[in-house]
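Residue-level structure breakdown
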Amino acid sequence: MSEPRVRPSDAATTTSSRASKDVALDAALDRLAPGRRDPQPSDPQSTDPKSPAASDLHVTAMRRLPPADAQYAPFPDAVDGRLRDALGARGIEQLYTHQAEAVEHALAGRHVVVITPTASGKTLCYNVPILNAILRDPSSRALYLFPTKALAQDQRAELQGLCETIAGRSGEQIGVFTYDGDTPQDARRTIRARAHLVLSNPDMLHAGILPHHPRWAKLFENLRYIVIDELHAYRGVFGSHLANVLRRLQRVCRHYGSDPVFLCSSATIANPRELAERLADRSFELVDKSGAPRGEKYFVFVNPPVVNHQLGIRRSYLSETRRIAAEFLKRKLQIIVFAQSRLSTEILTTYLKDDFEDHPGAPERIRGYRGGYLPNRRREIEKGLREGAVRAVVSTNALELGIDIGALDVSVMAGYPGTIAATWQRAGRAGRRSGRSAAVLVASSAPLDQFIVRNPSYFFDRSPERALVDPDNLHILVDHIKCAAFELPFAGNETFGRHDLGEVLAVLAEQGLVHRSGEDADHSSWTWTSESYPADAVSLRSISSDNFVIVDTTGEPRVIGETDFTSGPATLHPKAIYIIEGQLFQVERLDFEGRKAFVREIDCDYYTDAITYSRVTILDTFEDTGSHSHGEVRVVSRVVGFKKIKFYTNENVGSGELDLPEQQMHTTSYWITVPPAVIDVLPYAPDDRRDGIVGLAFAMRQVAQLLLMCDRHDIGISIDTAEPAEPRIFVYDNYPGGIGFSQPLHRLHRELLEATRLLIAECACESGCPGCVGPVGNTGPLAKTAALRILELLIDRLSPGRLSTGSTGSTGPADAAQISEEAMTS
Amino acid sequence: MNLSERARSVLRTPPPSQAVHVVAGTGPGVEHALGGEWREADGSRLFIVERCWDARARHGAIRVGDIAAELSANASHAASLGNLSGGPAPPFLFFDLETTGLSGGAGTYAFLIGCGWCEEDGSFRTRQYLLAEHGGERAMLLALASDFSRSGTLVSFNGKSFDAPLIEARCAFHRLAWAGHERPHLDVLHPARRFWGDGDCSLVGLEAQILGAPRSGDVPGFEIPGRYFQFLRSGDARPLAGVLEHNQRDLLSLAALSARLLRLVDAGPAETRDAREAFALGGVSLRVGVTGQARKAFERAIALSTGLPSVRVQALRALALLERRERRFEAAAACWRDVLDVPRCPPQLAREAAEALAIHAEHRARDLPVARAFALKSLDGDARRGWNDAVRHRLARLDRKLSDEASAGRRSLLVQAETGFDPPA
């Protein structure tokens, strides 16, 4: 949002109403955690998880984030008077320092990535240089890419407002259009001719614009700027695809003689500049010091109390969220509640409606919000939030990105969002430029949630995750080389990514997809010689176009979803519960060859978790330190059975056996080898040692997910105990060809072990639970003890004094110091 | 695994066997196989094949020389056949592309562009540009632009939706201005559908049906891209000979069909051979405002339409609308009644006819009970909502008028009773 400097509504929010809100917030916080807010709030004392709280809730942390004043800078001289005038008319007389810095870079033609906290006015960072360029030369064009269609619509509304002001004051007409799958066919020609600013998404660029670039010749000839909003969304598979789409985009730009400047904005991640440079293959300037003002904010961590110590079962985090939300709502504070799934969104909405809406037909003050709602309903909810008529919204991550809903008082998160970056994003949905706000994280019993809530400093005192991409994953790269060859013939001496392009093209030629003319590299070219339209077969959101479709046979058979090939057997095996939009289906038959799963609607209180046996064979070792390595592997996996897991409590309530075909995948992996020296000193029976390894792997998977900023499905784990004296644990990229997780994990080896040890040691359960080494019953009684002992021995062997075997532990000493300090404070 | 092997495993393709390795350039070259010539242009080479049909040669039932004669005699009628910007003028330039696919996008291009025109002496000449080597496309487009610039009207078959946008995109690809914009462009597909649309409306189908010149040994369209790719890989141009011939024949037939259409427009309804042609001619005449000819054409269509109920209802409807426009209401009503008499009349036409008759009865014939009966008939459960709302509105008005009339009738009875006169029988 680029908000005007002085908003009339801000002034209208009188000091007294502001103050009364602050009082209400203080009261609610005191109720949640009596006595925890007052003393030096940033004092580490106040975050001590062990200090007994008088409250019935288990508040593990309460942090105060101090307010900050605005820092302003004047408009750079090069900014056109007409633009300055229009901005002035909208209440913007000067820029924040970070905006001015970004604008300077953009005006000078330098690629720039801006780190932007919520409500810091990121859109001005790119709208100022772009509108300036168009005012100076009306033939200039810019392309904006947003990860979702909704964001593009939101931005169009804002840009159009600004352009209307410009038109009203100086008569300059600037065309702003969205171009996506919803754009009607008959409007497309007009847009191609008239749009100065095209707002689209990577999928549309990939399949709708680049393959038809001649129709867009005017855009590409005059393309001055490319905006990539929400850069942090492009990680993993999606990011690796985007990097290739941008390679194609830049080829097309070269063809038409343009060389656009990239302007990116990102939420706080550890490596914004590196990510931008990987995606766009250019050098970037980084702007990361926000000059935007910020009100005081409290950040609270809540862990629902344990109700069954033996099984490690906690009170439902959804009920806990309901109670906490109620504390704020009954004090007339406006809140947003983030839920982890569409199902829990609907459940929480129902709870809060029950509690706070008087009677059916009364104005709806509590609303749900998620993907699947129609655009009109969404716009209505967003407006209700901005105007205050809606007092609470319960949302999936759909509202995590920059949709304008105004600034709310409190953000309550039901469950850890999965990454530090996303948590800050969601917390940022509450908070104004002045006055107090709060963010509350309610942990579920998932391991990651438990780790975070029990180790607050891991969240508060550490940089957020690194976003990783691997644009040269051969599976992804080959698809885009096809698309690129379709778009423009490849010159013999051209490059596209890290691999030898000529060798890949030669393989495509064997298939008849391209044809090479001319003999020597400098004078030859590769032309597309196929009737197909390759972009249609490539989805940017998955790695392979091979997939399973899900057919609902409850009534008239209809396709209700699809799942990529790799995860098909594990999620669509017979008797599996398939969930879509909160609706439960049971798989009745899986047609493996036909790639179809036939499901029927069902009402049950459990979901299923497949038991997959996998065997990993090392094909090539890239780096090896003796204790840990990474390289290329073959994973052969087979789904052999499944467990039925009860919703919310994660209790195991049944199981079944399955017989499905094997799947093979070449990918990259990180692995650790537990040396005989460690195994030999373990004072346990062989079976207990094995349990220790299994439990260790279970916990490592959770922590790896945390460190890699990835989804649970992105990585797989496998244990190799063929050599009982020297077992191995593999953490592999769960995508053919790998997606770039293995090397970073190898580098983070020590951190991974330390954090895994913390996760297990901190867990309140007796001998294992779903929150650490896995539920009892999965593993033996000694799994937890043995896993901890193994970890301690492994970490011990990493300490500097023991590093004499020529291994090159790649974790920096600074990291190590930080970890051990943390270990001591906990 | 090396990169090639990994790429093959990604593509799930086996390594190539040695046998399929074709050494380029072993077959006969293009000149030898196709009989054209190379020309230097715009820094690259252009391969051109020309062919001429003598005026005395026959194309099915028609003489080539007659095609030229009809085209030049009836050129002024071209405007009635299509939505032409600018006045269509001779000379006509027929064009047709053979492309590397139908999917569109930058990877689809024309490897063969054929142009055809009639010469002064009545012969028909085709000129084809073949993309015989990489890098020749720009020169080919420039040569085409120069051919276009010598023409008065472009004529194609489905060219407005396919060929012209494709050339336009290729021009944009090479940063060339697209010359086709300034010329009137007649797309024969649309009038052909109207005049002969009952059966196979492909060029090859029409050729057999209308021109009496069935093809034999033609290369089917789906084989064409593959033959070109084969030529690129092997250098052997022989598979292309059939493609060139296919394209030449398309051009000649396109010219012959255009001539036939213009002849029909010029000669009027008497020349039409069946109900459909007559009906289509009526539409064409109506469009250019020759209503007298339009009426005759529709009447002929109706007369010839025995056994063709679909054409019959359309012709009756068209005539009814024309009559109403000319304020011959009784004649229009007669047509609408005939519409309702056609067996298996499509419901949307039946309700349109019933509505028209209800209006006629209410406002012209002033017969309210009949109007009410037709209005009831025009109710249709399958119609869109607004339709039935309008009908109900009409019915309510008719009922009001009918009850007003009834009470007026009662009043007159009262008057009669008081005055002692007997009501008329």
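These numbers come from a predicted model, not from an experiment. (Residues numbered from 1 in each chain as written. Chains lettered and ligands numbered in written order. Predicted model: local features only at pLDDT ≥ 70, side-chain atom pairs only at ≥ 80, totals over all residues.)

**Overview of the overall build of chain B**
- In terms of regular secondary structure, chain B is built from 17 helices and nine strands.
- Taken against the 2.2 N^0.38 rule, which gives 22 Å for 425 residues, the C-alpha radius of gyration of chain B at 31 Å runs more than 25% over that of a compact globule.
- Intrachain contacts of chain B at a sequence separation of at least 6 include 62% that bridge at least 24 residues. (Helix = DSSP H or I, 4+ residues; strand = E, 2+ residues; numbered from the N terminus. Rg over C-alpha atoms; globule rule 2.2 N^0.38 Å. Contact = placed C-beta atoms within 7 Å.)

**Let's talk about the overall build of chain A**
- A tally of regular secondary structure across chain A gives 26 helices and 32 strands.
- For chain A, buried positions account for 51% of its 826 residues.
- Pairs at least 24 residues apart make up 71% of the contacts formed inside chain A by residues separated by at least 6 positions. (Buried ≥ 20, exposed ≤ 12 C-beta atoms within 10 Å, placed from the backbone.)

**So, helix H8 (residues 202-209) of chain A**
- Of all eight residues that make up H8(A), seven are buried, and the element is covered over most of its length.
- Looking at the packing, one finds that the buried side of H8(A) touches strand E5 (141-145), strand E7 (197-200) and helix H10 (236-255) of chain A.

**So, the sheet that holds strand E20 (residues 514-517) of chain A**
Residue and element names in this part refer to chain A.
- What the three strands build is an open sheet, ordered E19-E21-E20; its pairing is antiparallel. Single-partner strands in this sheet number two, and they are strand E19 (490-491) and E20.
- Pairing analysis gives four bridges linking E20 to strand E21 (residues 525-528), with the strands arranged antiparallel. When the sheet's bridge partners are listed, Ser517 is paired in E21 with Ser525. (Pairing = 2+ DSSP bridges.)

**A short note on the interface of chain A and chain B**
- With 30 residues of chain A in contact, the opposing surface of chain B contributes 25 residues.
- Where the side of chain A that touches chain B is concerned, the elements lending two or more residues are helix H18 (474-487), helix H19 (501-510), E20 and E21 of chain A.
- Split into classes, the residues belonging to the side of chain A that touches chain B amount to twelve nonpolar, twelve polar and six charged. (Nonpolar A, V, L, I, M, F, W, Y, C, P; charged D, E, K, R; others polar.)

**Comments concerning unusual backbone geometry**
Residues and elements named next belong to chain A.
- Backbone geometry places Glu230, a non-glycine residue, at a positive phi of 55°.
- Of note, Glu230 is situated in the loop between strand E8 (223-228) and H10.
- Positive phi, normally seen in glycine, also occurs at Arg595, with a value near 55°.
- Structurally, Arg595 is set in the loop between strand E25 (583-591) and strand E26 (596-601).

**What to know about the confidence of the model for chain A**
Residues and elements named next belong to chain A.
- Scored by pLDDT, chain A comes out at a mean of 84, with 89% of its residues at no less than 70.
- For residues 39-57, every residue scores under 50 in pLDDT, and the model assigns this stretch 24 contacts once sequence neighbours within four places are set aside.
- Low pLDDT, under 50, characterises residues 802-826; the predicted model gives this stretch 28 contacts beyond four residues in sequence or across chains. (pLDDT = per-residue confidence, 0-100.)

**A short note on helix H13 (residues 309-325) of chain B**
Residue and element names in this part refer to chain B.
- For H13, spanning 17 residues, the distance from its first C-alpha to its last is 24 Å, which sits close to the expected 24 Å at 1.5 Å a residue.
- For H13, every residue scored as buried is listed here: Val311, Arg312, Val313, Gln314, Ala315, Leu316, Arg317, Ala318, Leu319, Ala320 and Glu323.
- For H13, the secondary structure elements touched by its buried residues are helix H11 (275-287), helix H12 (291-303), helix H14 (329-341) and helix H15 (347-364).
- Following H13 by one or two positions, Arg327 has its phi on the positive side, about 65°. (Expected span 1.5 Å × (residues − 1).)

**What about the pairing of strand E17 (residues 410-414) of chain A?**
Residue and element names in this part refer to chain A.
- For E17, a buried count of five out of five residues is recorded, marking the element as mostly surrounded by other parts of the structure.
- What you see with E17 is no split at all: Val410, Val412 and Ala414 on one side and Ser411 and Met413 on the other are buried throughout.
- When strand E14 (residues 335-338) meets E17, the two strands line up parallel, connected through four bridges. Counterpart to Ile336 in the pairing with E17 is Ser411.
- In terms of strand pairing, E17 meets strand E18 (residues 437-442) through five bridges, oriented parallel. In the sheet register, Ser411 faces E18, and the bridge partner there is Ala439.
- Handedness of the E17-helix H15 (residues 420-427)-E18 crossover: right-handed. (Right-handed = clockwise from strand over helix to strand, strands pointing away.)

**Observations regarding the packing of helix H22 (residues 686-708) of chain A against helix H25 (residues 783-798) of chain A**
Residues and elements named next belong to chain A.
- Taken N-terminus to C-terminus, the directions of H22 and H25 make an angle of 75°; their axes are 7 Å apart at the nearest point. Here H22 lies roughly perpendicular to H25, going by the angle between them. Within the contact between the two elements, H22 uses Asp688, Arg689, Asp691, Gly692, Val694, Gly695, Leu696 and Ala699 and H25 uses Ala783, Lys784, Ala786, Ala787, Arg789, Ile790 and Leu791.
- For the contact of H22 with H25, a count of residues per class yields eight nonpolar, two polar and five charged. (Axes fitted to C-alpha atoms, helices over the stretch in contact; angles between N-to-C directions. Parallel < 35°, antiparallel > 145°, perpendicular 65-115°, else oblique.)

**Digging into the sheet that holds strand E6 (residues 110-118) of chain B**
Residue and element names in this part refer to chain B.
- Strand order in this open sheet of seven strands is E1-E2-E7-E6-E5-E8-E9, and the pairing throughout is mixed. Bordering the open sheet on either side are strand E1 (37-41) and strand E9 (185-187), each of which pairs with just one other strand. Adjacent strand axes in the sheet meet at a mean angle of 30° when their direction is disregarded.
- Two elements, strand E2 (residues 44-53) and strand E7 (residues 124-130), share seven bridges in a ladder whose sense is antiparallel. Its bridge partner being in E7, Glu50 is matched across the sheet by Arg127.

**Focus: the nonpolar core**
- Counting 338 residues, the largest nonpolar core has Val300(A), Ile335(A), Val337(A) and Val440(A) as its most contacted members.
- Ranked by residue count, the leading element in this core is helix H10 (residues 238-267) of chain B, at 14 residues.
- Contacts of Val300(A), omitting those with residues within four sequence positions, involve Leu32(A), Ala33(A), Val59(A), Ala61(A), Met62(A), Ala438(A) and Val440(A).
- Listed in part, the twelve residues of the second largest apolar core include Leu572(A), Val587(A), Leu590(A) and Ala597(A). (Core = buried A, V, L, I, M, F, W, Y, C linked by C-beta atoms within 7 Å.)

**Some thoughts on the environment of Glu662(A)**
Residues and elements named next belong to chain A.
- By the secondary structure assignment, Glu662 is in the loop between strand E29 (652-657) and strand E30 (663-673).
- Measuring from C-alpha to C-alpha, the distance between Glu662 and Val694 comes to 22 Å, with 32 residues separating the pair along the chain.
- Dropping the residues within four chain positions of it, Glu662 is found in contact with Val636 and Arg638.

**Focus on the environment of Gln160(A)**
- Secondary-structure assignment places Gln160(A) in helix H6 (residues 149-170).
- Between the C-alpha atom of Gln160(A) and that of Ala704(A), which follows or precedes it by 544 residues, the distance is 44 Å.

**Here's the deal with the confidence of the model for chain B**
All names here are of chain B.
- Confidence in the prediction for chain B averages 88 pLDDT; 93% of positions are at 70 or higher.
- Ignoring residues within four places in sequence, the model shows residues 420-425, a span with pLDDT below 50, making three contacts including any to other chains.
- Note on the complex model: pTM 0.82, ipTM 0.85.

**A word on the environment of Leu141(B)**
Residues and elements named next belong to chain B.
- Here Leu141 is to be found in helix H5 (residues 137-149).
- On the basis of neighbour counts, which here come to 22 C-beta atoms within 10 Å, the residue Leu141 falls in the buried class.
- The spacing of Leu141 and Asp404 is 263 residues in sequence and 75 Å in space, taken between C-alpha atoms.
- The contact partners of Leu141, leaving out residues within four places of it in the chain, are Arg170, Cys171, His174 and Leu176.

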